[in-house]
Amino acid sequence: PQCPTKFVCDAPGGVTEFAGCIESMNCAMTIGMTTGANSGNAIALFAHQMIPHHQNAVNMAKALLANKVLNSCTNLEDETPACILKVISMEIITQQNHQIQGMKGAVEELKYNATDDCAVQVSETHKFNIMSKQVPSLCVDITSVEPRRNVVLKACDGSQSQIWRIEREGRIKNKETERCLVDRKGKVLNKGCLNVAENEVTKGFGDNIVFGTKGVMTPGAKMNGEVTLTVGPRDDVLGNVVQDFYFHYLHRSA
């Protein structure tokens, strides 16, 4: 991935959907603003960096206008917060779209490429433990039971099987087994990474480990010193803790 695991931290239910839009837009901007400088021209470099920045502002303004939070503004001349933000959003869309077209025209007239993208990976080589937020002494690990396919919670002990990293394709890979997290019929397993779709498993807004639309990683019963991990629906009744995990990043030499 070319983006960090999140841009919005701990978004409550009232803004979860809007936060999701912000996450996607900020990631698109970050990818767009990682550019080369092959033109050797400051004007082209400025435009290649500024266009995705402006486009993100336009997209964010459109998203806010589409949100019902501004519906209370019925007269743009009112000095209410909703009306002030509504006017600002409309101005951003009009003015920055005009500036985007101007920058694109300047780059074209100088006969440089419209874009000059380069890929900069984030957290690709950073290793981490996945720790339970409810019980920080427990780490996501590989079961001791052969054939060692199930992913469980075990006491954190610094073992290689408790170390994970995010691959370029967004998969979460175990250091010891070189296999990736995946959901199979409601169980969290450790399977060959080629069997895991890109971004099939991600870190969500509330520190959940999200398995697409199937649900989030959820601790279950404890057996033989291991806590089973399943995939279930997000349960806010649990207090946003039981299903929450955090990434404890390790030194690069780990």
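Let me sum up the structure you'll find in this document.

Cut-off values and rules
- Residues numbered from 1 in each chain as written.
- Predicted model: local features only at pLDDT ≥ 70, side-chain atom pairs only at ≥ 80, totals over all residues.
- Heavy atoms only, no water.
- Helix = DSSP H or I, 4+ residues; strand = E, 2+ residues; numbered from the N terminus.
- Expected span 1.5 Å × (residues − 1).
- Bend = angle between axes of the 7 residues up to and from the residue.
- Contact = heavy atoms within 4.5 Å.
- Polar contact = N/O pair within 3.5 Å; in protein donor to acceptor, adjacent residues only side chain to side chain.
- Buried < 20%, exposed > 50% of the residue type's maximum accessible area, 1.4 Å probe, protein only.
- Pairing = 2+ DSSP bridges.
- Core = buried A, V, L, I, M, F, W, Y, C linked by side-chain atoms within 4.5 Å.

1. So, helix 2 (residues 42–66)
Argument step 1. The first and last C-alpha atoms of helix 2 sit 36 Å apart over 25 residues, in line with the 36 Å expected at 1.5 Å per residue.
Argument step 2. Of all the bends in helix 2, the largest measures some 25° and sits at M50, one to four residues before the proline P52.
Argument step 3. In this fold, the buried residues of helix 2 make contact with helix 1 (16–32) and helix 3 (81–109).
Argument step 4. A distance of 2.7 Å separates the backbone nitrogen of I43 from a side-chain oxygen at the start of helix 2, and that oxygen is part of N41.

2. Considering the pairing of strand 2 (residues 138–142)
Argument step 1. Counting buried positions along strand 2 gives five out of five residues, so the element sits mostly inside the fold.
Argument step 2. Side-chain alternation along strand 2 places L138, V140 and I142 on one buried face and C139 and D141 on a second face that is also buried.
Argument step 3. Direction of pairing for strand 2 relative to strand 3 (residues 151–155): antiparallel, over a ladder of five bridges. Within strand 3, the position partnered with D141 by the bridge is V152.

3. Some points on the nonpolar core
Argument step 1. Within the largest apolar cluster, 21 residues are counted, with the highest numbers of intra-cluster contacts made by I130, V140, L181 and I209.
Argument step 2. Elements supplying a minimum of two residues to this core: strand 1 (127–132), strand 2, strand 3, strand 4 (164–166), strand 9 (209–211), strand 11 (226–232) and strand 12 (245–249).
Argument step 3. Counting residues in hydrophobic clusters, the runner-up holds eight residues, among them I51, A61, M103 and V107.

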